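In case you want the letters, here they are:
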2 protein chains.
Amino acid sequence: MPDVYFFGNGKAEGSARMADILGGKGANLAEMTSIGIPVPPGFTISAQLCGRYLADRRLPESLIAEVKTAMRRLEDAAGRMFGDPSNPLLVSVRSGAAVSMPGMLDTILNLGLNDKTAQALSRQTGNERFVFDSYRRFIQMYGEVVCGLKEPPGEPDQFEAALETAKHHRRVTRDIDLEAADLRALTAKFKTIVERASGRHFPGDPWDQLWGAVEAVFRSWQAKRAVDYRRVHRIPDDLGTAVSIVAMVYGNMGDDSGTGVAFTRNPSTGERQLYGEFLVNAQGEDVVAGIRDPEPIADMAAQLPAAYEELVRTAETLERHFRDVQDIEFTVERGRLFLLQTRRAKRTAQAAVRCAVEMVDEGRIERREAVLRVHPDQLSQLLHPTVDPKTPLQVLAVGLPASPGAAVGKVVFNADRAAQLGAVGQPVILVRRETSPDDFHGMVAARAILTARGGMTSHAAVVCRGMGKCCVVGCKDLDVDEAAGLVRVDRWVVREGDWITVDGSSGRVIMGQVPLVPPGVNEDFNRLMRWADEVRMLRVRTNADTPADARRAREHGAEGIGLCRTEHMFFEGDRIQAMREMIVAMDLEGRRRALLKLLPMQRDDFAGIFREMDGLPVTIRLLDPPLHEFLPHDEESLHALAVSLSVPLERLRHTVEMLTESNPMLGHRGCRLGITFPEITEMQAQAIFEAACQVTVEGVAVHPEVMIPLVANVSEFNRQCQLVRATAERVFTERKVRVEYLVGTMIELPRACVTADEIADVAEFFSFGTNDLTQTTLGLSRDDAGRFLPFYIENGILSDDPFQTLDQVGVGKLISMGVRLGRERNRQLKIGICGEHGGDPRSIEFCHQIGLNYVSCSPFRVPIARLAAAHAALSGQPLYTTD
Amino acid sequence: MPDVYFFGNGKAEGSARMADILGGKGANLAEMTSIGIPVPPGFTISAQLCGRYLADRRLPESLIAEVKTAMRRLEDAAGRMFGDPSNPLLVSVRSGAAVSMPGMLDTILNLGLNDKTAQALSRQTGNERFVFDSYRRFIQMYGEVVCGLKEPPGEPDQFEAALETAKHHRRVTRDIDLEAADLRALTAKFKTIVERASGRHFPGDPWDQLWGAVEAVFRSWQAKRAVDYRRVHRIPDDLGTAVSIVAMVYGNMGDDSGTGVAFTRNPSTGERQLYGEFLVNAQGEDVVAGIRDPEPIADMAAQLPAAYEELVRTAETLERHFRDVQDIEFTVERGRLFLLQTRRAKRTAQAAVRCAVEMVDEGRIERREAVLRVHPDQLSQLLHPTVDPKTPLQVLAVGLPASPGAAVGKVVFNADRAAQLGAVGQPVILVRRETSPDDFHGMVAARAILTARGGMTSHAAVVCRGMGKCCVVGCKDLDVDEAAGLVRVDRWVVREGDWITVDGSSGRVIMGQVPLVPPGVNEDFNRLMRWADEVRMLRVRTNADTPADARRAREHGAEGIGLCRTEHMFFEGDRIQAMREMIVAMDLEGRRRALLKLLPMQRDDFAGIFREMDGLPVTIRLLDPPLHEFLPHDEESLHALAVSLSVPLERLRHTVEMLTESNPMLGHRGCRLGITFPEITEMQAQAIFEAACQVTVEGVAVHPEVMIPLVANVSEFNRQCQLVRATAERVFTERKVRVEYLVGTMIELPRACVTADEIADVAEFFSFGTNDLTQTTLGLSRDDAGRFLPFYIENGILSDDPFQTLDQVGVGKLISMGVRLGRERNRQLKIGICGEHGGDPRSIEFCHQIGLNYVSCSPFRVPIARLAAAHAALSGQPLYTTD
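Calculation notes
Residues numbered from 1 in each chain as written. Chains lettered and ligands numbered in written order. Predicted model: local features only at pLDDT ≥ 70, side-chain atom pairs only at ≥ 80, totals over all residues. Heavy atoms only, no water. Helix = DSSP H or I, 4+ residues; strand = E, 2+ residues; numbered from the N terminus. Buried < 20%, exposed > 50% of the residue type's maximum accessible area, 1.4 Å probe, protein only. Contact = heavy atoms within 4.5 Å. Areas by Shrake-Rupley, 256 points an atom, 1.4 Å probe, with all protein chains shown as cover. Lys, Arg positive; Asp, Glu negative; His and termini not counted. Charge placed at Lys NZ, Arg CZ, Asp CG, Glu CD. Salt bridge = Lys/Arg side-chain N within 4 Å of Asp/Glu carboxyl O. Buried area = accessible area lost by both parts, 1.4 Å probe. Polar contact = N/O pair within 3.5 Å; in protein donor to acceptor, adjacent residues only side chain to side chain. Nonpolar A, V, L, I, M, F, W, Y, C, P; charged D, E, K, R; others polar. Pairing = 2+ DSSP bridges. pLDDT = per-residue confidence, 0-100. Disulfide = S-S within 2.5 Å. Core = buried A, V, L, I, M, F, W, Y, C linked by side-chain atoms within 4.5 Å. Expected span 1.5 Å × (residues − 1). Arc of directions from axis to C-beta. Axes fitted to C-alpha atoms, helices over the stretch in contact; angles between N-to-C directions. Parallel < 35°, antiparallel > 145°, perpendicular 65-115°, else oblique. Left-handed = near helix turned anticlockwise from the far one by under 90°.

Enquirer: Give me the overall build of chain A: which residues, what numbers.
Expert: When helices and strands are counted, chain A shows 34 helices and 34 strands. Each principal axis of the C-alpha distribution contributes one length, and for chain A these read about 105 × 60 × 50 Å. Taking all 883 residues of chain A together, 60% fall into the buried category. Within chain A, counting contacts between residues at least 6 apart in sequence, those at least 24 apart form 69% of the total. With the model as given, the accessible surface of chain A reaches about 34,500 Å², and the carbon-plus-sulfur share is 49%. In chain A, 103 side chains carry a positive charge and 119 a negative one; their mean positions are 2 Å apart.

This is the structure we're talking about:
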């Protein structure tokens, strides 16, 4: 395979399909050349050389020979000679990886200039100002890129300082107002800067310049910013960058010249209309670097009408050819248009949806292709209000983004106050050290919840995600003084009633009222989602604990409930009181009495959910958390509880103490509760089946699926399953109604995965509880991981937070084993996932690959999951356009 | 297959190999018959019928026919007719499972007696006293076993009361002094007792008696005490008991008759000498129940010389034939010896070792067989503490030394109380007049058993020897008043809760808490252990944290240290202070300063251990527990620490709070500490390698193996491994000494098991930390499981405590996977286990099966592990003798 690929005169050795070798930029330059778009001639050095160079720190001899051959062809095409003192060819040396990494890699323009070629060029163009403008730019870039003279941000930059001095001396403020002589002097000054800093002569030989530039571009692949960017964007390190060497064209040759950037459609709104900016008499980096303020592209029609017309035509050609919105760079040299780059345009979620849908309507792409044009991660932008990106922000602190969306409101410090103000329509944000079940009514009333403590699975986080309410937790910088009614953050003090804005998508807490952008769910969005639904194979359910959640999720397209956590129902008002009475009861009789109070409430909850989910399956998990979560822990609440339950304070304190566990995550919870207190399971099963019978009579189609939590051993499942089935029979007989139902289990312990065959013999469905499965498989408490997990991710020990994206290598292996063992024994076994990973696109792709039946996620992530499931189903199909 | 197997006249349809069908007793009766031992004729109903009967609660018709046929053959052999009013045949109906369950199942003697047959027998024998003695025993047994009239312990027993009244009336104290008329009257009285209690006529028809007895024996398989016994001894529930129906012979026909129990060697010491007890003019249950005090077997030589001589000869024949020590029951009827049972003798560990070794010396068994003759679990008896001989003792009384070892505990007087206090960890000693099978649960819970009655073969003695539990029986001076909750001994009164010490090796009962010393081992033991070492494939290492532990373990045969927990070194004196200083330090500098204080102490610790382990590998685990374990938590200690460290109390309190975790088991510990605080790992590695260099110079052969704990991800291992290796190089260079060492990891998380291939690429050894692996795999905190794990085990949800015996199905599957994946990648990988399961025989067998290189256990369990490893290596070889 050759190392160098030539393009020019309407012919190219490369093509758009060769991005792996030529980089996105090189591949598209070749492609544009082939389809007759005006592109300056050039050639591209394969990205495969990059790794080799980085290992050897030396360009291979064979490459040098190939480049020399290609340069001769380029000289022919350009009609100029590289380094020729009378008719010199200048080139740009451009980086470009297979995946776009905008601004991360280096580029050098105007290479080939030295004192002789500059003189020749001045003669040829009759424009000395242009030549020295180019020359001084070249020296600066070369100094920075090749010699490494780039100062860290904030440090005084010698080149800028010299430029400022020159302008000051001339009493002008704009670069453009400097004259040829000034620029010539500046060129000399720049050269001195480089030579002094590098301790070497500035290379005059264009070939020396070229090799230095090629090596520098390769090296830029290893620069810290590029490495960081790749980590964040999950780009493999061994991809490497190609190097394109392209004949220079000049946008800075006068007022008939210019340079610009354009999008074939509006990347913000998706509107079909050429969108972009340009600058007269400038080189490309002026636009990108924001040094001069560019003009809207439409103004070009007046200033450079012919070139503009050709640009519009070319943009249309490119979009049709590449079948997607293009982001193009162009230069006009003395009225003649040259395209320097085209690539897939980055766009907002809103634009992505509109473009995808409209391009289907225009007959340009297929529906499946449209589905792939919108990334699932983007959708949350459309589903929640977001902070207006154009507003300058006063960020007070950053916590964990526990539940997405943004909200503006007045600070309150306790739930009663939140409920009280919320009831009269005041927008409030509840700020607490941490929340407890007692705060529930206040959380319902608040626009957002902000806590100083707690992790992504803390009470506040879980409850808010369920409600789709904006929430930031674990914001450690907040010093919340609830008694004094204020919170200190650094040197700031926020008091009750002060306005703040909370961004649950980024974790930011912002001072004051920031304008929000409303969610962008529209008909385009709905159409796209329907197309996604047509191709996906995974069902998408939701985690919902209330009829309101269920309704919202169904609106978002949920096809059932995958996880209804019954314990959340116990936290409100009377219920928590009855729950506590049950826990504190000394004997079976007392527990039964308390459970009898809970029964009608649970039954009503289930009936409400069943009605909302008419015709769809509803998976109800039996009581899961350790009992102490329902008890108060502070003296005052204990005292109040003792009085209200008429039990001695001492006994209550003793109960709390007895229930305290060293590792509650691994303690007396899940089915262990139902086994030691079968009356709890019995009450819950009774409530489920009585509700099911009741709504059946009303004409609702009900499909309950009873889920036994935290099963480690099939015997545990058997005991609980028998009790559930016996209770069902009893209810059916009493009510004279039968309801079809399933009994299955949550697979959330490693032991359940490795003994899934035994469990599948008796369970009718599995639902992988990947939150707990991740905690146990990795031996990692989510609530405690904050002290080292961020360090792990920053230092590349873990590539992702395993609670956000499923650890496929570890946890995924256990899941795959569970699926395989389970299906071997029971081919009909229904298998889903109900951990938070059920809403994470990469995890959903994994779920698709291992053949799950469904994923279940919080109501607001349902559209994301639907789209991700569609992407997963389409992956492997050759539909993605190159970047 | 027939359901009934006949034996008699020197021929038998069964044999010793058929214990599964005939039970141990029936099989050996058949075998003895075949080899010419005098055994009364009889037949055995297959144990396979037991399960069928228990399911149907009805004896199958076919069985009834077979029994009738067999009875005709028995009548022929015995020369009497069953139920014949002139020449009646009486039979015993005996239980017997394939595995011995002494005293757990029921037996009925003298069956076939009714008023007519009694009359005939009186005529025939001219011994009315004997006949009615037998008759009243039969009615009592039948009443208890078939009609269920057995009173709970402590309740007044009607039969005993009637017997006492009769004796009182006669003014005699011994049963034997009652005359025929008294016994006839008693027979009538007993019949009335049974009829009144059961509400039915006592069955006069011998066939009715027989069917009732057979069914009752089958039912006794399901009695609570039998079920409990099987659970403790891991005997499968579906084994069932056989029923042997044997012609009666009579030990109660006069002074030329008797009955006894004998061992072919002393079951307590192993001495080669016929050992046992006998009673003149008595039936078997008098010996077993401890109602009369029997005489030593040697005295039989004078009283029944011919029978004694034949007994000695027969014992020798049986031991040679069965190739093991036998426990035999015999009856002498008018001078003629009959063997009623022979079985493998239960014996103390000491006896087991001595018999095994001597039988090799006598050329009777092979060494490998000898190794299998001692169960690893028994060895703990040899390692039991004994009473410190130097302590002055207040000896209350001396009884029979029924089971060796010494124990200190608080007195309790009933089994329920013992079980209750034992369950919460109280050291209790169960003191009873005598024990019965119903006391079993209390005996399990007690540290020792002390009885006022009974001999060396009484229930208490047999059961305790089986469990290796300290036991003193027949301590006649004790006046046990269970109702009053006290025991009088001479002028002393010991009440419930008082401390006593029991010495099961000497029979002494001592007031108060006496210091105990660990026992030594003898040359027999050492020879046996060497034979075990010859056959085992697993290496046995020890878990030891100090030079003293290391020395003790090496004395016990440890072949290295498998786990040296460095954190235990930090808890003493200055060290904890330095450790706390490190934890409280705000910055790296402060931590380094504190670590520098710890370095020399750690180095000395390691040097001491290396010296003790000269030539053997030493695995050192780097710091593992979460840091808060090193900090005080109460106000007072915090205050003191703040003063001594000169830090503000507030800051200290804040540190404690910051380090507090929701689930410390899954928190910031293990290698997570070494990764976030690499200076800790560095200090520890430096201490290890400096110590290694130092002792190398002294001439010690040192093989350090550095173990990185709690690795979930290979990247964690890599980071820590690199740091350890870099530190090693630095130390070697400084000290100018090189030491060979390994760096490996503890595999204690499910993720490490499923990614063992990746880890094996870089780790040089694996050590399975099965304690934590069990906790994470099962999602079960060992500290918190107490509230439901006992319930789980009692209810059969789990068959074993997974922290005692490895959960092979779940955790074991992950371990197997880890071994397979690890060895696939690195065939040389050294793999061991260092959880507590490393000392559990069943878990060791599993370790052998999956091909581990070594197990590591506490010093005192090393011999147990060596023997268990040998058993594992020999398992599958046809060496075990039948029970």
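Enquirer: Outline the pattern of salt bridges, listing residues and values.
Expert: All names here are of chain B. A full pass over the atoms with the stated rule returns 143 salt bridges over all chains. Close ionic contact of Arg265 with Glu319 constitutes a salt bridge, the shortest N to O distance being 2.6 Å. Highlighted residues: Arg265 in the loop between strand E9 (258-263) and strand E10 (275-280) and Glu319 in helix H12 (residues 305-322), separated in sequence by 54 residues. Pair check on accessibility: Arg265 and Glu319 agree, each one buried. In this structure, Arg575 and Asp605 form a salt bridge, with 2.7 Å as the shortest nitrogen-oxygen distance. Within this pair, whereas Arg575 is found in helix H21 (residues 573-584), its partner Asp605 is found in helix H22 (residues 588-612), the two being separated by 30 residues in sequence. Owing to a relative accessible area of 15%, Arg575 belongs among the buried residues under this scheme. Judged by relative accessible area, Asp605 falls into the buried class, the value being 15%.

Enquirer: Run through the interface of chain A and chain B, naming residues and quoting values.
Expert: Accessible area lost on assembly of the parts is the figure often given for the size of an interface. Taken together, the contact pairs 50 residues of chain A with 50 residues of chain B. Summed over both sides, the interface between chain A and chain B buries roughly 4,400 Å², with carbon and sulfur atoms accounting for 56% of that surface. Of all residues in chain A, Leu666, Arg751 and Arg787 of chain A bury the most surface against chain B, accounting for 15% of the area lost on that side. At the boundary of chain A with chain B, the tally comes to 4 salt bridges. With a closest N to O distance of 2.6 Å, Asp807 of chain B and Arg751 of chain A form a salt bridge. At the junction of chain A and chain B, the tally comes to 26 residue pairs in polar contact (both at pLDDT 80 or more). When contributions to the side of chain A that touches chain B are tallied by element, the ones reaching two or more residues are helix H24 (649-659), helix H25 (671-676), helix H27 (714-735), helix H28 (750-754), helix H29 (756-760), helix H30 (770-778), helix H31 (789-794) and helix H32 (811-825) of chain A. Here the side of chain A that touches chain B is built from residues that sort into 22 nonpolar, 15 polar and 13 charged.

Enquirer: Lay out the pairing of strand E6 (residues 91-97) of chain B with the relevant residues and their values.
Expert: Residue and element names in this part refer to chain B. Among the 7 residues that make up E6, 7 are buried, leaving the element largely enclosed by the rest of the structure. The alternating pattern of E6 places Val91, Val93, Ser95 and Ala97 and Ser92, Arg94 and Gly96 on opposite faces, both of which are buried. Pairing of E6 with strand E8 (residues 241-247), which is carried by 7 bridges, proceeds in the antiparallel orientation. Across the sheet, residue Ser92 finds its bridge partner in E8, namely Val246.

Enquirer: Describe in detail the confidence of the model for chain A, supporting the description with residues and values.
Expert: Residue and element names in this part refer to chain A. Taken residue by residue, chain A gives an average pLDDT of 91. The fraction at 70 or more is 98%. Overall, residues 879-883 carries pLDDT values under 50, and its contacts beyond four positions in sequence, including any with other chains, amount to 20 contacts. Of the two predicted TM-score estimates for the complex, the pTM is 0.81 and the ipTM is 0.83.

Enquirer: Break down the state of the cysteines for me, citing the residues and quoting the values.
Expert: Following the criterion strictly, the structure yields 0 disulfides over all chains and no others. Considering cysteine sulfurs only, Cys147 of chain A is the nearest to Cys50 of chain A, which forms no disulfide, with 19 Å between them. For Cys50 of chain A, a relative accessible area of 0% translates into the label buried. Here Cys693 of chain B stays unpaired: no disulfide links it, and the sulfur of Cys564 of chain B, its closest cysteine neighbor, is 17 Å away. Assessed through its relative accessible area of 1%, Cys693 of chain B is described here as buried.

Enquirer: Describe the environment of Gly240 of chain B, listing the residues and the values that go with them.
Expert: Here Gly240 of chain B is to be found in the loop between helix H9 (224-233) and E8. Note: C-alpha distance between Gly240 of chain B and Val360 of chain B (120 residues apart in sequence) is 35 Å.

Enquirer: So, the side chain of Ser122 of chain B: which residues are in play, and what are the values?
Expert: Mapped onto the secondary structure, Ser122 of chain B falls in helix H4 (residues 115-125). Those residues within four positions of Ser122 of chain B in sequence are excluded, and the remaining contacts are Asn127, Glu128, Val131 and Phe132 of chain B.

Enquirer: Kindly report on the nonpolar core, identifying the contributing residues and their values.
Expert: Core analysis: the biggest nonpolar cluster contains 225 residues, and Phe610 and Phe689 of chain A together with Phe610 and Phe689 of chain B have the highest contact counts within it. Discounting residues that sit within four places of it in the chain, Phe610 of chain B has contacts with Val618, Ile620, Ile688, Ala691, Ala692, Val695, Val700, Val702 and Pro704 of chain B. Of all hydrophobic cores here, the second largest spans 84 residues; its members include Leu89, Val214, Leu430 and Val473 of chain B.

Enquirer: Give a detailed account of the sheet that holds strand E6 (residues 91-97) of chain A, specifying residues and quantitative values.
Expert: Spatial strand order, E2-E1-E3-E8-E6-E7 (chain A): 6 strands in an open sheet with antiparallel pairing. At either margin of the open sheet sits one strand with a lone partner, and together these are strand E2 (11-12) and strand E7 (107-111) of chain A.

Enquirer: Got a sec to walk through helix H3 (residues 61-78) of chain A? Specific residues and values, please.
Expert: Residue and element names in this part refer to chain A. The first and last C-alpha atoms of H3 sit 26 Å apart over 18 residues, in line with the 26 Å expected at 1.5 Å per residue. Buried within H3 are the following residues: Leu63, Val67, Ala70, Met71, Leu74 and Glu75. One face of H3 carries all of its buried residues, which in axial projection span an arc of 150°. Structural note: H3 exposes Glu61 and Asp76 on the side pointing more than 90 degrees away from its buried face. The first or second residue beyond H3 is Gly79, which carries a positive phi of 70°.

Enquirer: Explain the side chain of Glu319 of chain A residue by residue, including any values.
Expert: You can call Glu319 of chain A buried: its relative accessible area is 3%. The residues touching Glu319 of chain A, leaving out its near neighbours within four places in the chain, are Thr264, Arg265, Asp324, Val325, Gln326, Met359 and Arg364 of chain A.

Enquirer: Give a detailed account of unusual backbone geometry, specifying residues and quantitative values.
Expert: All names here are of chain B. In the Ramachandran plot, Arg334 falls in the positive-phi region, its phi being about 45° despite a non-glycine side chain. Here Arg334 shows up in the loop between strand E12 (326-333) and strand E13 (336-344). At Lys736, a position not held by glycine, the phi torsion is positive, near 55°.

Enquirer: Explain the sheet that holds strand E21 (residues 478-481) of chain B to me, and be specific about the residues and the numbers.
Expert: Residues and elements named next belong to chain B. In spatial order, the strands read E21-E22-E23; together these 3 strands make up an open sheet with antiparallel pairing. One side of each edge strand has no neighbouring strand; the edge strands of this open sheet are E21 and strand E23 (492-495). Adjacent strand axes in the sheet meet at a mean angle of 20°, parallel and antiparallel pairs treated alike. Bridge count between strand E22 (residues 486-489) and E23: 4 bridges; the pairing is antiparallel. Considered in E23, the bridge of Arg488 is made with Val493.

Enquirer: An account of the environment of Lys346 of chain B is needed here, citing residue identities and associated values.
Expert: Residue and element names in this part refer to chain B. Looking at the element boundaries, Lys346 is found in the loop between E13 and helix H13 (349-361). For Lys346, a relative accessible area of 29% puts it in the partly exposed group. For Lys346 and Met537, which are 191 residues apart along the polypeptide, the C-alpha to C-alpha distance reads 28 Å.

Enquirer: If you had to explain helix H1 (residues 19-34) of chain A to someone new, which residues and values would you point to?
Expert: All names here are of chain A. Between its first and last C-alpha atoms H1 spans 15 Å; for 16 residues at 1.5 Å apiece the expected length is 22 Å, and the helix comes up short by more than 12%. The element H1 is extensively covered by neighbouring structure, given that 14 of its 16 residues are classed as buried. Note on H1: the residue one or two positions beyond its end, Gly36, has a positive phi of about 85°.

Enquirer: Please provide a residue-by-residue account of the packing of helix H2 (residues 48-56) of chain B against helix H8 (residues 206-220) of chain B, values included.
Expert: Residue and element names in this part refer to chain B. Interhelical geometry of H2 versus H8 gives an angle of 90° and a closest axis separation of 9 Å. As the angle between them shows, H2 and H8 are arranged roughly perpendicular. Contacts from Leu49, Cys50, Tyr53 and Leu54 of H2 reach H8 at Glu215, Phe218 and Arg219. Per-class residue counts for the contact of H2 with H8 are 5 nonpolar, no polar and 2 charged.

Enquirer: Could you give an account of the packing of helix H19 (residues 523-535) of chain B against helix H34 (residues 862-874) of chain B, naming the residues involved and the relevant values?
Expert: Residue and element names in this part refer to chain B. Running from amino to carboxyl end, H19 crosses H34 at an angle of 45°, the nearest separation of the two axes being 8 Å. The angle between H19 and H34 falls in the class oblique. Crossing geometry of H19 relative to H34 is assigned as left-handed. Residues Phe525, Met529, Arg530, Ala532, Asp533 and Val535 of H19 lie in contact with H34, whose contacting residues are Pro863, Arg866, Leu867, Ala870, Ala873 and Leu874. Class assignment of the residues belonging to the contact of H19 with H34 gives a composition of 9 nonpolar, no polar and 3 charged.

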